[in-house]
Structure formats: structure tokens, C-alpha cells
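Survey of secondary and tertiary structure
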Amino acid sequence: MIAIAAVVLTGSLARILETSSGKAAWMTVFLDIAHRFSVGFERIFLETVPFLLLGAFASAIVAHIFTNADIQALFTGRTLRSVLMGILAAVILPVGDGGSVLLARQLLRKGAGVPAAAGLMLAGPGVNLIAVGAGLATDGMAGLTGMRFAAAVLFALVFGLILSQENEPERLICTKLQPVAAGNSASLPGLEGTGRGGTAKTVALTAAREFLEFMPLLVMAAFIGALLQALIPDGWIPPIPGSVPGQFAGAGLWAVLTAQSAVGDLYTIQAGSSSWTAGAQWMYLLVGMAVDIKLILFYGRIFRRKALLYWILLVLSMSMLASLAIGMVGGVN
Amino acid sequence: MKFSALALAVLGLFLLSLIWDGRLAEYIDLRQGMLVFLTGLGCVILAQVVLSGTSRRDMEPVEISEDNPLEGKLVWQSSSLMWLALPLLVSLLFR
């Protein structure tokens with residue numbers, strides 16, 4: 001309610017100021033902030049919604065088409081194989097930003113191992129078919145897309161193997177995600193379809209429920225991200241001239257706040273490729289793919305706080321090292 | 001679930017309207033327009049499916065009990081769709 005009231009007040013004020021004749025300095029600043037907020041909000045929202053819907057459908061299909069035994073046969077255990085199976089599923093299935101979280105959650109409910117589900121969820125944004133296809137089809141971005149693909153696999157593999165060392169999954173993931181004993185984990189009273197097309201209808205109903213369940217989180221992430229984008233100083237927005245650490249910090253922070261999808265951030269890099277340094281581009285792509293503000297909120301529904309913190313630290317440190325290496329080489333074409 | 005269908009329909013129409021009046025270009029790269037278009041279409045179709053699939057059940061009284069927390073959760077989610085107001089308001093007011 002507070003957020004809605006704030007948006008109404010600020011938006012109304014912006015409309016009034018736009019139509020007023022005076023252009024005092026504070027008006028210009030206010031309108032600039034309001035514009036940055038609205039663009040930031042809608043960008044996060046619009047770029048994520050398609051992937052969330054795809055993820056909801058994938059999750060519903062897993063819930064109603066596959067049995068627990070099917071899932072457990074593919075994704076069980078705490079082994080390298082299970083992590084690789086998770087990553088392979090992320091490559092094959094078109095579930096990216098946000099969508100991979102829904103699918104991973106469903107797999108966990110069906111009894112999949114935590115490393116496999118985590119591998120799918122964390123690699124998803126960087127390796128899914130849509131993001132890779134869009135990157136390969138974009139002029140001059142094939143190299144970065146390929147490198148990002150490799151980095152996403154590496155990040156997910158390393159973190160999946162780290163998680164596989166933990167014997168008690170309840171220390172890694174929320175207790176509500178423990179697998180159900182048997183049967184259909186997603187069935188709710190009254191949601192089962194009957195007769196012709198019953199399964200398809202049930203899948204659609206489950207997809208709608210899962211999609212809407214994550215929507216408030218997405219709106220919250222878009223609101224926080226857009227607010228912070230609007231309020232940070234202009235000098236922190238890339239491309240930042242000056243020292244390498246400053247460039248990397250600026251690119252990483254902007255990636256977290258803008259929370260672009262794995263498709264949108266490639267287009268942003270392409271549009272600003274002449275003014276961004278190679279290391280900053282790389283930092284933006286890697287951090288944005290793994291730990292932007294919406295993903296942190298989404299992952300928080302799966303991981304416990306400590307596991308989430310480890311993931312953030314791993315991504316930031318590995319992205320920094322990779323960006324330094326790319327910066328020293330001089331870029332990827 | 002009728003509220004869910006309504007939310008899906010409004011969201012779908014909102015996405016399609018952004019493409020219709022060309023305002024999508026203000027927010028995202030237009031090369032993602034196809035994704036947004038298909039999502040808008042998908043939301044509208046999903047709304048129709050949800051409405052047709054749950055209308056009979058919605059006419060029956062829903063009992064919220066400790067034994068069946070999922071039903072209570074569904075009702076709670078249906079009544080808390082205010083999140084939808086934010087993207088609509090931002091799009092309408094910040095032009």
C-alpha cells in the first residue's frame with residue numbers, strides 16, 4: 001500500500017511538473033529521477049515476465065507429467081553427475097531469469113537432489129536456449145555469449161559441487177521444499193482436470209498459480225531496483241572513467257540494480273560497447289546473469305540465507321577475476 | 001481463482017497495449033518485443049483457461065482450516081493481487 005501510494009504521489013507530481021511552465025533546477029532533477037525510476041521499473045518487470053511464464057509452464061509440466069521416480073532417477077544424489085544433469089536440463093529447457101527458480105523448486109518437491117536443482121537454477125539464466133540464441137544472433141556478441149555460457153556452467157558446477165558436500169539438505173534449502181512422500185507433489189484440491197484435455201487444463205492451472213505466486217516478488221524487486229537506480233549518483237552509472245576497480249564496481253552495481261534479463265543485458269552491452277571497457281562489459285554480464293536484485297529475491301525462496309550469501313560471494317569473486325583476465329587480454333570478439 | 005484469471009487478463013492486456021501504442025520501446029530493446037507479445041498472449045489465454053477450469057469450484061464455499069492450509073493460501077493469494085497496480089500505475093503516471 002505504501003509503495004502504491006508513493007508511486008501515485010510521485011507520478012502525479014511528475015505529471016503536474018511536466019505540464020507546468022517553470023523549469024527550476026529541482027524540477028529537472030525530480031523529473032529525471034522519476035523518469036529513471038519508471039524506465040528502470042518497467043524494464044525489470046517486462047524483461048522478466050516472459051521467463052517467469054515459461055518457467056511456470058515448465059514447472060507445471062514437471063509436476064503433472066513426470067512422476068517423482070522419474071525425477072529422482074535423473075536428478076538424485078550428491079554427485080558430479082547430478083550437477084551436470086541439472087546444468088544440461090538448464091541448457092535444453094527454455095527457462096531463464098526467474099523461470100529456472102520455479103522449475104528448480106518443482107524438482108526439489110519431486111525429490112531431486114539439491115546440487116542438481118541448484119545447478120539448473122543457477123546456470124539457467126546464462127545457458128538457456130533463448131539467451132544463447134539471442135546472443136548468437138546479435139552482431140558482435142557471439143564471443144561474449146559463448147564466454148558467458150561457459151562461465152555460467154562453471155559457476156553452477158562449482159557451487160553445485162560445494163553444495164554436494166553438505167549431508168543435510170535442510171541446512172541449504174527452505175524446509176517447505178522437502179520432497180513429498182509420493183504421488184503428485186503439485187496437486188491441490190480441486191485443481192485436477194477431468195475428461196478430455198484434463199491434463200492440459202491442470203497444467204495450465206498450476207502454471208497460472210505458480211506464475212502469480214512469484215509475481216509479487218518480481219514487482220518488489222522491480223520497485224527496489226528502480227528506486228535505487230533513480231537515487232544513485234550519476235557518476236556511479238557505467239561507463240565510469242578512471243580506475244579499473246571503480247569501473248568494475250560500477251558495472252557490477254549497475255548489473256545488480258538494473259536486473260536485466262540475460263537477453264536484455266546483451267543488447268545493453270552491444271549498444272554501449274564503444275564506451276564500456278572490456279572488463280566492465282564482462283563484469284556486467286556475469287553479475288547480471290547470476291546475482292541481480294530479482295534473482296537474489298527469487299533465490300531467497302529456495303536457499304537459506306547462508307547458502308545464498310555463499311553464492312553471492314562466489315559469483316562476485318569469480319566475476320572479478322574473470323573480468324580482470326578479460327580486461328588484461330583486451331576483450332572478446 | 002477468478003481473481004487470478006482477472007489478474008492474468010489485465011497483465012496480458014497491459015503487455016499487449018504497450019506493444020500496440022509503441023511505448024514498449026521506451027522501456028526495453030524492441031528485439032525483445034516478440035517475447036513480450038507472446039507473454040501477453042499467453043497471459044490472456046491462461047486467464048481464459050483458469051476461468052473456465054475453476055468456475056464450478058468457485059461457486060462452492062471454501063473452507064479455510066488448519067487441516068488444509070493450501071486452500072487458505074489460495075484465497076489469500078487471490079485477495080492480494082494489489083501488486084498488479086504497481087506496473088500499471090508506473091506506466092500510466094510516469095509518461
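Our subject is the structure listed above.
Right, let's walk through the structure included here. Remember, predicted model here, so these are calculated numbers, not experimental data. (Residues numbered from 1 in each chain as written. Chains lettered and ligands numbered in written order. Predicted model: local features only at pLDDT ≥ 70, side-chain atom pairs only at ≥ 80, totals over all residues.)

Moving on: the overall build of chain B. Looking only at helices and strands, one finds five helices and zero strands in chain B. Counting from the amino terminus, chain B carries its helices and strands in the arrangement α-α-α-α-α. Intrachain contacts of chain B at a sequence separation of at least 6 include 74% that bridge at least 24 residues. (Helix = DSSP H or I, 4+ residues; strand = E, 2+ residues; numbered from the N terminus. Contact = placed C-beta atoms within 7 Å.)

Residues and elements named next belong to chain A. Counting residues in each nonpolar core, the largest one holds 132 residues, and the members touching the most others are Ala 104, Leu 107, Ala 117 and Leu 120. Looking at this core, the element that brings in the most residues is helix H2 (residues 25-65), giving 17 residues. Discounting chain neighbours no more than four positions away, the residues touching Ala 104 are Ala 117, Ala 118, Leu 120, Met 121 and Ile 302. (Core = buried A, V, L, I, M, F, W, Y, C linked by C-beta atoms within 7 Å. Buried ≥ 20, exposed ≤ 12 C-beta atoms within 10 Å, placed from the backbone.)

Take the interface of chain A and chain B next. Each partner contributes residues to the interface: chain A has 40 residues there, and chain B has 34 residues. Every element with two or more residues in the side of chain A that touches chain B is listed here: helix H1 (2-19), H2, helix H9 (198-231) and helix H11 (264-271) of chain A. Per-element accounting of the side of chain A that touches chain B gives the leading share, 14 residues, to H2(A). Class assignment of the residues belonging to the side of chain A that touches chain B gives a composition of 27 nonpolar, seven polar and six charged. (Nonpolar A, V, L, I, M, F, W, Y, C, P; charged D, E, K, R; others polar.)

Here we take up the environment of B:Gly53. Residues and elements named next belong to chain B. Checked against the element boundaries, Gly 53 lands in helix H3 (residues 33-58). The buried category is assigned to Gly 53, around which 22 C-beta atoms lie within 10 Å. Taking C-alpha positions, Gly 53 is 9.4 Å from Met 1, a pair spaced 52 residues apart along the chain.

Our focus in this paragraph is the environment of A:Phe66. Take A:Phe66: it is sitting in the loop between H2 and helix H3 (68-75). For the pair A:Phe66 and A:Val8, spaced 58 residues apart in sequence, the C-alpha separation works out to 45 Å.

Here we come to helix H14 (residues 305-329) of chain A. Residues and elements named next belong to chain A. Taking 1.5 Å per residue as the helical rise, H14 with its 25 residues ought to reach 36 Å, and the 36 Å between its terminal C-alpha atoms agrees with that figure. Restricting attention to buried positions, one finds in H14 the residues Ala 307, Trp 311, Val 315, Ser 319, Ala 322, Ser 323 and Ile 326. Those residues of H14 that are buried lie in contact with helix H8 (142-164), helix H10 (244-258), helix H12 (278-291) and helix H13 (293-299). (Expected span 1.5 Å × (residues − 1).)

All names here are of chain A. One can describe the packing of H1 onto H2 by two numbers: an axis separation of 10 Å at closest approach and a directional angle of 130°. Considering the angle they form, H1 stands oblique to H2. Note that H1 runs across H2; the crossing there is left-handed. Residue-level contacts link Thr 10, Ala 14, Leu 17 and Glu 18 of H1 to Met 27, Phe 30, Leu 31 and Ala 34 of H2. Its residues placed into classes, the contact of H1 with H2 shows six nonpolar, one polar and one charged. (Axes fitted to C-alpha atoms, helices over the stretch in contact; angles between N-to-C directions. Parallel < 35°, antiparallel > 145°, perpendicular 65-115°, else oblique. Left-handed = near helix turned anticlockwise from the far one by under 90°.)

With that settled, the discussion passes to the packing of helix H5 (residues 99-109) of chain A against helix H6 (residues 114-127) of chain A. Residues and elements named next belong to chain A. Orientation of H5 relative to H6, taken along the N-to-C sense of each, is 170°, at an axis distance of 8 Å. In this view, H5 runs roughly antiparallel relative to H6, as classed from their interaxial angle. Only Ala 117, Ala 118, Leu 120, Met 121, Gly 124 and Pro 125 of H6 make contact with H5, whose side of the interface consists of Gly 99, Ser 100, Val 101, Leu 103, Ala 104, Leu 107 and Leu 108. Tallied by class, residues from the contact of H5 with H6 come to 10 nonpolar, three polar and no charged.

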